[in-house]
Amino acid sequence: RTPTPKFQVDEHATLQRAVYEFGVLKEEDIEKYSVYGFLRNPIERFFSIFTHFFDLRRIDVSKMTKEEIASEALKVLNTTKVPYEFIAPNALQPNGSFPFHPQVKWLVFNDKPINNIILYPNFDEFLLKVTGSTEFKYKEKIGKKPIHSEVSQSNLDAIREWYAEDFELWERLSQERS
């Protein structure tokens, strides 16, 4: 017989949920820890999210252009009429997460930014520094060609509008760290 885990945390849980919903940490302990979050290029993340979302729905994105994926994904976003805060658990994903949140929603605790935001392209560098290893390798299904050249300006503008806070933070941190 398999023992019941003491707690189970959604792998996409925010720090807020880890403390208040799952009880993994205590609020007063947060100040004692270094908290890390990863910020991805918002365009790359958009395509990664929706490639996964469509895969879950058995839609073969390998036969779609980036423009087609963007158009279909924006239709999904534009038909989600309920604000993020009111999405019911398990509404769109089996694990209960709503993957379309802007990334900045994961990078705060009690309305304050977490103390260590790492830009996603530096993930292997971060792992090597912290653990001495780069064993984790993340595979993207969308390829490595520049996405911007494959998507219409109107769709890029719509993506930027949906994820304005992510673009703002990405651009600011990228500029500060270059």
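Above this text you will find the structure in question.
Model, not experiment: these values are computed from the prediction.

Peer 1: Explanation requested: the overall build of the chain in the structure shown.
Peer 2: Tallying secondary structure elements over the chain gives seven helices and four strands in all. When the elements of the chain are put in sequence order from the N terminus, they spell out α-α-β-α-α-β-β-β-α-α-α. Every one of the 178 residues in the chain was classed for burial, and the buried ones make up 37%. When contacts within the chain are restricted to residue pairs at least 6 apart in sequence, long-range pairs at least 24 apart make up 68% of them.

Peer 1: Would you mind going over the packing of aromatic side chains with me for this structure?
Peer 2: Centre-to-centre distance and the angle between the planes together describe a pair of aromatic rings. By the definition in use, this model includes five aromatic pairs. Aromatic pair Phe-46 and Phe-47: ring centres 5.3 Å apart, planes at 80°, arrangement edge-to-face. Neither Phe-46 nor Phe-47 differs from the other in exposure class; each is buried. Through a chain of ring-to-ring contacts, three or more aromatic side chains come together here, namely Phe-46, Phe-47, Phe-50, Phe-54 and Tyr-163.

Peer 1: Is there a simple way to explain the side chain of Gln-103 in this structure?
Peer 2: As for its position among the elements, Gln-103 is in the loop between helix H4 (66-79) and strand E2 (108-109). Judged by its relative accessible area of 5%, Gln-103 is buried. Not counting residues within four places of it along the chain, the set of residues in contact with Gln-103 comprises Phe-38, Leu-39, Arg-40, Pro-42, Arg-45 and Asp-166.

Peer 1: What is the right way to look at the environment of Ser-152 in this model?
Peer 2: Mapped onto the elements of the fold, Ser-152 is located in the loop between helix H5 (123-131) and helix H6 (153-162). Residue classification places Ser-152 among the partly exposed positions, given a relative accessible area of 25%.

Peer 1: Would you mind going over the pairing of strand E1 (residues 36-39) with me for this structure?
Peer 2: Side-chain alternation along E1 places Gly-37 and Leu-39 on a buried face and Tyr-36 and Phe-38 on a face that remains uncovered. Bridge count for E1 against strand E4 (residues 116-119) is four bridges, and the pairing is parallel. Bridging across to E4, Gly-37 finds its partner in Ile-117.

Peer 1: Can you walk me through helix H7 (residues 164-176) in this structure?
Peer 2: Residues lying three or four places apart along an α-helix face the same way, a consequence of the helix completing one turn every 3.6 residues. Its 13 residues give H7 an end-to-end C-alpha distance of 18 Å, which sits within 8% of 18 Å, the value for a rise of 1.5 Å per residue. Those residues of H7 not exposed but buried are Asp-166, Phe-167, Leu-169, Trp-170 and Leu-173. Contact partners of the buried residues in H7: E1, helix H3 (42-56), E4 and H6.

Peer 1: Got a minute to help me understand H3 in this structure?
Peer 2: Taking 1.5 Å per residue, 15 residues should reach 21 Å; H3 reaches 21 Å between its end C-alpha atoms and fits that length. A large share of H3 lies buried, amounting to eleven of its 15 residues. Turning to H3, its buried residues are Pro-42, Ile-43, Arg-45, Phe-46, Phe-47, Ser-48, Ile-49, Phe-50, Thr-51, Phe-53 and Phe-54. Each element contacted by the buried residues of H3 is listed here: H4, H6 and H7.

Peer 1: Quick question: what am I supposed to make of the pattern of salt bridges here?
Peer 2: A side chain of one charge can pair with a side chain of the opposite charge if their charged atoms are brought near each other. According to the stated counting rule, one finds seven salt bridges in the structure shown. Put simply, Asp-166 and Arg-45 hold a salt bridge, and the shortest N to O gap is 3.9 Å. You can see Asp-166 sitting in helix H7 and its partner Arg-45 sitting in helix H3, a full 121 residues away along the chain. Arg-45 carries the same exposure label as Asp-166, and that label is buried. Note that Arg-172 is salt-bridged to Glu-176, the shortest N-O span being 3.1 Å. In this pair, Arg-172 and Glu-176 are both assigned in helix H7, four residues apart and thus about one turn of the helix distant.

Criteria and thresholds
- Residues numbered from 1 in each chain as written.
- Predicted model: local features only at pLDDT ≥ 70, side-chain atom pairs only at ≥ 80, totals over all residues.
- Heavy atoms only, no water.
- Helix = DSSP H or I, 4+ residues; strand = E, 2+ residues; numbered from the N terminus.
- Buried < 20%, exposed > 50% of the residue type's maximum accessible area, 1.4 Å probe, protein only.
- Contact = heavy atoms within 4.5 Å.
- Phe/Tyr/Trp six-rings, centres within 6.5 Å; stacked < 30°, edge-to-face > 60°.
- Pairing = 2+ DSSP bridges.
- Expected span 1.5 Å × (residues − 1).
- Salt bridge = Lys/Arg side-chain N within 4 Å of Asp/Glu carboxyl O.

Don't take any of this as a statement about function, it's just geometry.
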